[in-house]
Amino acid sequence: MSTLRPLIPLLIAAGILLGGNGLQATLIAIRGASEGFQPSMIGWMGTAYFAGFFIGCLWITRIMQAVGHVRAFATLAAIASAATLMLILWIDPFVWAGVRFVTGFCFSGLFTVIESWLNQGATNKDRARVLALYRIVDVSSVTGCQFLIPLVGTEGYAIFCIMTMMITLSLVPVSLGDRSNPVAPEEVKLNLRRAWAISPLAAIGCVAVGVTNGSFRTLAPVYAQQLGMSEANIVIFVSAGIIGSVLLQYPLGALSDRWDRRKVLLIVTAVSMIAAFALAFLAGSNVLANFALVFTFGAFAMTLFSLCAAHANDHAEKGEYVLVTAALMLFYSIGAIVGPVAAAYVMQVFGPAALFVFTGMVYAVLIVITLYRMRVRGPVPASRRSRFTALLRTSPLFSRLTRRTRTSSAPLASE
């Protein structure tokens with residue numbers, strides 16, 4: 001435990017930021033709808049966030065190399081904090097979209113700084129525990145902070161002040177923690193063409209997952225609100241999907257280590273599609289049915305990115321694991337830029353249930369593509385199959401946190 005102690009301040013800062021970021025995403029949708037913003041405009045806000053996130057992924061390493069971890073973190077936290085105050089000072093959909101672009105850029109950089117720092121601070125012996133703690137912090141903070149919405153309310157300025165305070169306070173553990181300023185990481189090599197060549201299915205799958213997950217994260221609160229749910233039930237609805245996302249990650253991953261991974265991907269996509277269509281056509285305004293179905297949806301749909309990455313790494317050459325995973329995250333970001341605005345326009349025309357009709361149709365297309373790829377390419381032999389790793393989509397450097405854990409535990413084809 002003594003070797004983990006210097007990393008605790010970073011995990012605390014990560015918890016504050018992850019919670020604040022998740023809170024902002026839900027609040028933007030609920031407050032925007034109550035202010036009369038059309039679903040299409042809320043969709044554009046989601047698109048703006050992911051566009052900023054995408055650009056942040058490309059630029060943050062250069063910033064860290066120029067000024068170091070601490071200064072990069074302080075700069076981005078200050079900008080994100082000030083931008084959050086703009087949300088309440090100027091209630092306008094176009095201003096809010098601009099703010100979401102800025103915060104997307106900042107949060108991408110903040111998570112990259114933290115994960116780079118954790119990667120350098122964790123020893124091979126403790127890496128698995130650091131990853132486990134990071135995932136626990138992610139789920140617990142994002143889920144827990146959602147409940148500030150019914151507790152504080154979305155009207156007025158209090159909830160926006162709390163978000164600003166959270167982002168600002170994330171500076172405290174970073175400033176007072178381990179005084180070492182680690183060496184800035186090398187820039188992640190991003191070769192989308194190579195990632196596509198390694199596995200077209202994984203690349204297409206990550207775009208599809210970006211479309212659906214980006215749409216869900218941006219518009220699920222709007223869907224629940226238009227069904228007439230209370231603020232507390234909206235938060236429970238969103239949280240059920242988040243909690244469900246951790247339920248089957250490892251069981252499904254372990255299964256994919258033993259089977260042709262594409263068969264598991266096919267099954268998971270099919271169940272995600274069924275859950276989405278059930279939400280659209282069967283749940284109606286029944287609150288409990290919506291909770292149960294979105295929990296099921298999260299349990300399967302949120303596993304797809306990690307399954308796609310594992311499938312790509314089965315085909316990757318030695319030393320390409322980080323390159324492939326980072327490229328796939330950018331494919332995901334591309335989908336997440338397109339998804340929210342497309343889903344929002346569909347919702348605006350056809351009503352709230354259209355969100356999950358749109359989602360289900362995307363999964364249906366992915367099923368067809370998966371079946372086609374299974375016909376034109378044989379499965380990876382079990383002896384060459386890499387071990388599944390549950391991945392977060394917080395920064396391109398997250399895969400580096402998992403790399404040494406994988407190589408230290410077993411020889412893997414993707415390393």
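Going by what an unreviewed UniProt entry lists, the protein is known as MFS transporter and is assigned to Tianweitania aestuarii.

Draft legend 1. Seen up close, the nonpolar core. Counting residues in hydrophobic clusters, the biggest one holds 123 residues, and the most contacted among them are Phe-73, Phe-237, Phe-297, Leu-328 and Phe-356. The greatest single-element share of this core, amounting to 13 residues, is contributed by helix H10 (residues 200–226). The contact partners of Phe-297, leaving out residues within four places of it in the chain, are Phe-216, Ser-272, Ala-275, Ala-276, Leu-279, Met-302, Thr-359 and Tyr-363.

Draft legend 2. Inspection of the environment of Gly-335 at higher detail. Its location among the elements puts Gly-335 in helix H16 (residues 321–350). For Gly-335, a relative accessible area of 1% gives the class buried. With residues up to four places along the chain from it excluded, the contact list for Gly-335 reads Val-207, Gly-210 and Val-211.

Draft legend 3. Here's a closer look at the pattern of salt bridges. This model, assessed by the stated rule, comprises 4 salt bridges. Across the pair Arg-261 and Asp-257 runs a salt bridge whose closest N-O atoms are separated by 3.0 Å. Note on Arg-261: relative accessible area 2%, which makes it buried. For Asp-314, the salt bridge goes to Arg-261, with nearest N and O atoms at 2.8 Å. Of this pair, Asp-314 sits in helix H15 (residues 304–315) while Arg-261 sits in helix H13 (residues 261–281), and the two are 53 residues apart along the sequence. Arg-261 matches Asp-314 in its accessibility class, with the two residues each being buried.

Conventions we followed
- Residues numbered from 1 in each chain as written.
- Predicted model: local features only at pLDDT ≥ 70, side-chain atom pairs only at ≥ 80, totals over all residues.
- Heavy atoms only, no water.
- Core = buried A, V, L, I, M, F, W, Y, C linked by side-chain atoms within 4.5 Å.
- Buried < 20%, exposed > 50% of the residue type's maximum accessible area, 1.4 Å probe, protein only.
- Helix = DSSP H or I, 4+ residues; strand = E, 2+ residues; numbered from the N terminus.
- Contact = heavy atoms within 4.5 Å.
- Salt bridge = Lys/Arg side-chain N within 4 Å of Asp/Glu carboxyl O.

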